[in-house]
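Structure at a glance
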Amino acid sequence: MQVVTAIGQWVRSLEGVRRLAYGAAGLIVTVVVTTVDQNVLVPAGWVWLVLPAALTAVALPPGPRALVFAACAGFVAIVSTGESVQLGLAAAALVFVSTCEDPARRPWLGWAAGVAGAAGALAIALLNHRGLYEQPFVFVAAGYLVAVLMRSWSRGNALTRETTELRGQAAWLEQRTNLARELHDVVGHHVTAMVVQAEAGQFSSDPAVALQTIANSGRTALRELDTLVVHLGNPDAPVAVTAPPRLSDIDELLAEPLRQQGVAVHVRLDADLGLDEVGVLAAYRIAQEAITNIARHANATTAWVELVRVGGHARLRVSDDGTGPPQAVTRGSGLLGIEERARALGGSSHVNRRPGGGTVLEAILPVAKP
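What comes next is a walk through the structure. (Residues numbered from 1 in each chain as written. Predicted model: local features only at pLDDT ≥ 70, side-chain atom pairs only at ≥ 80, totals over all residues. Heavy atoms only, no water.)

1. Brief notes about the side chain of D320
The residue D320 is located in strand β3 (residues 313-320) in this model. Here D320 is buried and forms no salt bridge, its nearest opposite-charge partner R354 lying at an N-O distance of 7.2 Å. At 2.7 Å, the side chain of D320 and the backbone nitrogen of G322 are in polar contact. (Helix = DSSP H or I, 4+ residues; strand = E, 2+ residues; numbered from the N terminus. Buried < 20%, exposed > 50% of the residue type's maximum accessible area, 1.4 Å probe, protein only. Lys, Arg positive; Asp, Glu negative; His and termini not counted. Salt bridge = Lys/Arg side-chain N within 4 Å of Asp/Glu carboxyl O. Polar contact = N/O pair within 3.5 Å; in protein donor to acceptor, adjacent residues only side chain to side chain.)

Structure representation (structure tokens):
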């Protein structure tokens, strides 16, 4: 059973089919030229020269190899007669091999030589009053057609393999991008919270509370980091976090570092947003990055977070009264990650200057279809 399966896999493979076809063509040519002894325009011994010529061609580069096989096909076609049908079969086999080996995008050597040989055979037949002799043309056309089908199948197989490889690479790159985005958001937020706690702890009457909060943030960051790193070995695995966030955590957890900096944070969340788990995670991460940017760069006194449903979309708006948006979006700012998250779900994001001063980040996310 295993032998049969191995043979089936070999036959289905591109190289296996090619070898099988070439073997059949070689067998046909060998049998024909070694058995023909009459009804040819030259002594039978001359036809035997096709065999050493074909064997020599095997050692040549593809271009010269196709030319030698084409010359053999033309020779066999022109010396055949209406009575030697088997030579037409040999000519078809040689046209087939020549066309398959032709490196040109549109192979022409095999059929050109075969048609020239068939035309020569027809002319000789007419001069000798043997009547019309169209069989070589039929054999040449058949050999060329089978070769074209073989080349098309081979090219289709190659394109399928390349497509599969490119899809695998695209999935791997997409996974790396997702992991990089998650690492940036998770680690960035927790490190920012730890810095805020450390700075606040210097002026606190109970530094132990700040140290405990820093330790908790560090442990949470390490858990998230460990979970994400596991996915580096498996590009097909979905990115997950140890504890899927809740939108209520935006007010209860994400806003805390800002409040500890003395920033008044106002959070408004609609009860029914219609977001699925992927949409909830995207909204949470976008809010997380926006709040982290406010804590790092805005020098704001007030911030607003609003997540509401507007028609078939959920609108997340994070704004502050700080220094305003950056003049140019850079790779490390996290704004590109926000844009990528929104675009991956079919949404969009925009960063603008807030009237009266500050920054407004707005992300539009499609709600889940019922």
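2. Details of the pairing of strand β4 (residues 348-353)
The side chains of a regular strand alternate, residue by residue, between the two faces of the sheet. Where β4 lies against strand β5 (residues 359-366), six bridges are found, and the strand directions are antiparallel. Residue pairing for β5: V351 is matched across the bridge by L361. From the end of β4 to the start of β5, which pair antiparallel, there are five residues, and G356 there has a positive phi angle of about 95°. (Pairing = 2+ DSSP bridges.)

3. So, the environment of A255
When you line up the elements, A255 lands in the loop between α10 (249-254) and α11 (256-260). Distance in space between the C-alpha atoms of A255 and A287 is 9.6 Å, their sequence separation being 32 residues. Ignoring any residue separated from it by four or fewer positions in sequence, one finds A255 in contact with I250 and V265. (Contact = heavy atoms within 4.5 Å.)

4. So, the nonpolar core
Of all hydrophobic cores here, the largest spans 33 residues; its most connected members are I250, L258 and L316. For this core, the secondary structure elements donating two or more residues are α10, α12 (277-298), β2 (302-310), β3, α13 (335-344) and β5. Looking at which element gives the most residues to this core, the answer is α12, with eleven residues. Contacts of L316, omitting those with residues within four sequence positions, involve A283, I286, A287, V305, E306, L307, L361, E362 and A363. Counting 29 residues, the second-largest nonpolar core is a separate cluster that includes L51, A54, A57 and A90. (Core = buried A, V, L, I, M, F, W, Y, C linked by side-chain atoms within 4.5 Å.)

5. With respect to the packing of aromatic side chains
All told, the structure shown has two aromatic pairs when counted by the stated rule. Their ring planes at 85° and their centres at 6.3 Å tell us that Y22 and F96 sit as a pair that is edge-to-face. Here Y22, found in helix α2 (residues 14-35), pairs with F96, found in helix α6 (residues 85-101); they are 74 residues apart in sequence, far enough to count as distant. Note on F96: relative accessible area 8%, which makes it buried. An angle of 70° between the planes, with centres 6.4 Å apart, marks the rings of W111 and Y144 as edge-to-face. Highlighted residues: W111 in helix α7 (residues 109-127) and Y144 in helix α8 (residues 135-201), separated in sequence by 33 residues. (Phe/Tyr/Trp six-rings, centres within 6.5 Å; stacked < 30°, edge-to-face > 60°.)

6. Overview of unusual backbone geometry
Despite not being glycine, N299 shows a phi value in the positive range, around 55°. Judged by relative accessible area, N299 falls into the exposed class, the value being 67%.

7. A closer look at the sheet that holds β2
Strand order in the open sheet formed by five strands is β1-β2-β3-β5-β4, and the pairing between neighbours is mixed. This sheet does not close on itself; its edge strands, each paired only once, are β1 (264-269) and β4. Between one strand axis and the next, the sheet turns through 10° on average, direction left out of account. Packing against the sheet, α12 makes contact with β2, β3 and β5, and its axis sits at approximately 10° to β3. (Axes fitted to C-alpha atoms, helices over the stretch in contact; angles between N-to-C directions.)

8. Let's talk about helix α4 (residues 50-58)
Within α4, burial applies to V50, L51, A54 and A57. The arc that holds every buried residue of α4, seen down its axis, measures 125°, which confines them to one face. (Arc of directions from axis to C-beta.)

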